[in-house]
Each structure stands twice: as structure tokens, then as C-alpha cells.
Amino acid sequence: MSAGVSRTDEETPVFFDLETTGLNTRSSDIVQLSAISGVKTFNVYILPRCPIDSGASRVTGLTTRRDTLLLHGTPVPTTPLTEALYSFISFLKTFNRPVLVGHNCKRFDCPILLRILREIHLLEEFQQVVSAYLDTLQLSREMFILEKHSQSFLVQHFLHKDYGAHNATEDVRALQELYRVWSPSRELVNKHMFIL
DNA sequence: TGCCAGGCCCTCTTTAGGGCCTT
């Protein structure tokens, strides 16, 4: 084999994103969970157990009224929390111990996701189906000298697309596309992968 | 009424402060 490691030897990246009730990683609930890898996609909406912060509603368009989750005022079907995370685990099982990739996931998405998995006693099962995590914010800061590294800025800069989605399904599609364009080296990916 | 977090990084730093990044 040549000096570089064949790309096919790498763990499959699964790009994921959460929309949550707020920015506090110790108390926020998940409202939407999306993931994508190649053409395989996953998406669930979850009725949160706590109110959605006004700031979060402003950026995601998600609100609650009684026991209904609304997206820009229109009801969306929700999945009970435990069932939603079970089905996410089932989705991840269709890959061979993938790497979960998210933007700022080390400081935001992972702490929330893993705290809630622990609360509903699914953390151990989850960790068995995921091999590691990769944060594209850290990757971007190492790969590129830019004034900003927010996902919306990066999408405009590299993909030349207007982007203000803040919908998890669109966020993960954009992140997967960014990653393809960046094509980070195995060495860089390894450097920024982490285990929780 | 309006605000609410927190860890990392940078620099006009280190006995600190402010911006970034996520919702």
C-alpha cells in the first residue's frame, strides 16, 4: 500500500445536527435530530420536555402549542424521545461503527445528545454503534485562514450558496457537501477525531 | 421588560476581556 491510507479504509462519516430548545447544553432538549451519509438520511422531530427559548424559536422556526410542535406555524409529526433515539441508533447500525461528524459538535451537539442518552439509559448502546466523533469547526479552523468559521459562512464561502436554513436536514446536507469539497487528509481527520 | 451558557481562542494577555460558535 502507498504512504497514504486508502479512503475506503476509513470509518464512514455520518453528518448530524440537532435543533434544540436553547443554547444551555446542561438543560436544553432536542427538538429535531437529522443525519445523512451518502444518500441515506435520518430525521425526527421531538416534542421537547421544556419550553423552547425565544431565541431558538427565532432561528429554527419551531414553537410548541399545547402538545404540538409547529414549524413556522404548521404542525409537524413528532416521535417520542426514547423511540426517536432508538431509531437513530438503528440508523447508525446500518453503517460499520461510523464517525459522527458535526459543526461545533464537541462543545454543543455531543454534550446535549449524550446527556439525554444517559437520562433515558441508552448511552451505552449508543456508544457501541459509534466509533468516534469529528468536529468540523475545529477542522475548518486548522485547514483555512478565514475571518469566520460558522457553518453559514463556510457554506457561502465554499459552496457559493445562500444559506440561512437552520433546519437540521438542510444543515447536514450542507455539511456533507462542505466535507466533500474540503476532502480533509486522513492525518487531519485523525487529529480532530475524539471519543466520548 | 429583558435577559438567560460556556469553553475556546486571540491579544491591546497571563492579576483579563471580548468575540466566536452552537440553538
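The structure under discussion appears in the preceding block.
Residues numbered from 1 in each chain as written. Chains lettered and ligands numbered in written order. Predicted model: local features only at pLDDT ≥ 70, side-chain atom pairs only at ≥ 80, totals over all residues. Heavy atoms only, no water.

Draft legend 1. Structural detail: the overall build of chain A. Secondary structure summary: chain A contains eight helices and nine strands in total. The globule rule puts the C-alpha radius of gyration for 196 residues at 16 Å, and the 17 Å found for chain A is close to it. Oriented by its inertia axes, the alpha-carbon framework of chain A measures out at about 60 × 40 × 30 Å. When each of the 196 residues of chain A is scored for burial, the buried share is 50%. Partitioning the contacts of chain A with sequence separation of at least 6, the portion at a separation of at least 24 is 66%. Charge centroids of chain A, computed over 20 positive and 21 negative side chains, lie 2 Å from each other. (Helix = DSSP H or I, 4+ residues; strand = E, 2+ residues; numbered from the N terminus. Rg over C-alpha atoms; globule rule 2.2 N^0.38 Å. Buried < 20%, exposed > 50% of the residue type's maximum accessible area, 1.4 Å probe, protein only. Contact = heavy atoms within 4.5 Å. Lys, Arg positive; Asp, Glu negative; His and termini not counted. Charge placed at Lys NZ, Arg CZ, Asp CG, Glu CD.)

Draft legend 2. The arrangement of the pairing of strand β7 (residues 99-102) in detail. Burial of β7 is two-sided: the residues Val99 and Val101 facing one way and the residues Leu100 and Gly102 facing the other way are all buried. As defined by bridge partners, strand β1 (residues 13-20) adjoins β7 across three bridges and the pair is classed as parallel. Each bridged residue has a counterpart across the sheet, and for valine 14 the counterpart in β7 is leucine 100. One ladder, built from four bridges, connects β7 with strand β8 (residues 132-135); its direction is parallel. (Pairing = 2+ DSSP bridges.)

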